[in-house]
Amino acid sequence: MKLLYQTHSPYARKALVFAHEAGLADRLAVEHHETSPTHRNAQVFAENPLGKVPVLLRPGGLPPLFDSDVICAYLDTLNEGRKLIPEAGEARWHALRVQAVAQGLAEAGIAIRWETTRRPEGLRYLALRDGYIAKLHASYAWLEGELDFESPVHVGHIAVATALTWLEFRDLPPFRDKHPRLATWLDTFAQRPSMRATPLSGNTHD
Ligand SMILES: N[C@@H](CCC(=O)N[C@@H](CS)C(=O)NCC(=O)O)C(=O)O
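Residues numbered from 1 in each chain as written. Predicted model: local features only at pLDDT ≥ 70, side-chain atom pairs only at ≥ 80, totals over all residues. Heavy atoms only, no water.

Comments concerning the site of the ligand
Consideration 1: Around the ligand lies a shell of 14 residues, among which Thr35, Val53, Asp67, Ser68 and Gln103 are the nearest.
Consideration 2: Within the contact set of the ligand, an oxygen atom lies 2.6 Å away from a side-chain nitrogen or oxygen of Ser68.
Consideration 3: Burial of the ligand by the protein chains amounts to 85% of its free accessible area of 510 Å².
Consideration 4: Classifying every residue of the shell around the ligand by side-chain character gives five nonpolar, seven polar and two charged. (Near = heavy atom within 4 Å. Polar contact = N/O pair within 3.5 Å; in protein donor to acceptor, adjacent residues only side chain to side chain. Areas by Shrake-Rupley, 256 points an atom, 1.4 Å probe, with all protein chains shown as cover. Nonpolar A, V, L, I, M, F, W, Y, C, P; charged D, E, K, R; others polar.)

Have a look at this one:
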């Protein structure tokens, strides 16, 4: 399988960390792609009409899979170990809603970057930036109270760790000062081989 990836994408890293945690990383050829709505990547668009990474290309003419949520769900079907997306009960809904909050963290971070550095200065809208900053702070507080810090790794943990490390990588609003449990948990999670094997690097090309 081939993973259309990006070394500075929280979503692409989430899919790859998931593959490592599921024991599937050696089945993936990882290919870096730059993407931006202002900088069309024809190879990515050929596989995903949204022009976004990650995309998982499967052998045998099977359709490409996107987005990161779908890729993780697919990889878990190949996972011969303990499932990383709990299959039933409240554990499933908990992991999926944690994943949803993590997706929102990355989305808010990207939106803040548009309103601070990516969009030309005269086109930035500070009220929109502030609205997204508020979403980040509310989500940090939610995770401090709701994340199951002690339980075995699931997709929600992977999504939160890859989102938070990306937010720090991009110097977006910090969470450590007011959310010590989250910060301590992240520092431990970041030492996992899956995280160490997938460092963030590079700049966005708009
Ligand atoms: N919901 C998607 C989001 C993917 C996404 O936004 N990827 C970014 C890179 S971080 C991208 O390729 N953006 C290009 C664009 O917006 O055109 C996922 O979870 O995979």
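This is not the end of the story, as more comes after the structure.
Some thoughts on the packing of aromatic side chains
Consideration 1: In the structure shown here, the tally under the stated rule is three aromatic pairs.
Consideration 2: Each ring, one from Trp185 and one from Phe189, has its centre 5.2 Å from the other, and the planes form 35°; the classification is tilted. Taken as a pair, Trp185 and Phe189 lie in helix H7 (residues 180-189) at a separation of four residues, close to a single helical turn. With respect to class, Trp185 is no different from Phe189; both count as buried.
Consideration 3: Of the aromatic side chains, those joined through ring pairs into one cluster are Phe149, Trp185 and Phe189. (Phe/Tyr/Trp six-rings, centres within 6.5 Å; stacked < 30°, edge-to-face > 60°. Helix = DSSP H or I, 4+ residues; strand = E, 2+ residues; numbered from the N terminus. Buried < 20%, exposed > 50% of the residue type's maximum accessible area, 1.4 Å probe, protein only.)

Overview of the pairing of strand E2 (residues 29-32)
Consideration 1: Examined bridge by bridge, strand E1 (residues 2-5) and E2 share four bridges and lie parallel to one another. Note on E2: the bridge partner recorded for Leu4 is Glu31.
Consideration 2: As for the winding sense of the linkage, the β-α-β connection from E1 through helix H1 (residues 10-21) to E2 is right-handed. (Pairing = 2+ DSSP bridges. Right-handed = clockwise from strand over helix to strand, strands pointing away.)

A word on the packing of helix H4 (residues 89-118) against helix H5 (residues 126-146)
Consideration 1: Their axes nearest at 9 Å, the elements H4 and H5 cross at an angle of 150°. Taken together, the axes of H4 and H5 are roughly antiparallel relative to one another. The hand of the H4/H5 crossing is left-handed. Contact residues: H4 offers His94, Arg97, Val98, Val101, Leu105, Ala108, Gly109, Ala111, Ile112, Glu115 and Thr116, while H5 offers Leu126, Leu128, Arg129, Tyr132, Ile133, Leu136, Ser139, Tyr140, Trp142, Leu143 and Glu146.
Consideration 2: Residues of the contact of H4 with H5, tallied by class, amount to 14 nonpolar, four polar and four charged. (Axes fitted to C-alpha atoms, helices over the stretch in contact; angles between N-to-C directions. Parallel < 35°, antiparallel > 145°, perpendicular 65-115°, else oblique. Left-handed = near helix turned anticlockwise from the far one by under 90°. Contact = heavy atoms within 4.5 Å.)

Points about the sheet that holds E2
Consideration 1: Taken together, the three strands give an open sheet; going across it, the order is E2-E1-E3, and neighbouring strands pair in mixed fashion. At either margin of the open sheet sits one strand with a lone partner, and together these are E2 and strand E3 (55-57). Between one strand axis and the next, the sheet turns by 25° as a mean value, whatever way the strands run.
Consideration 2: Judged from the three bridges that link them, E1 and E3 form a sheet pairing that is antiparallel. Each bridged residue has a counterpart across the sheet, and for Leu4 the counterpart in E3 is Val55.
Consideration 3: Strand contacts of H1: E1 and E2, with the helix running at about 150° to E1, the strand carrying the most contacts.

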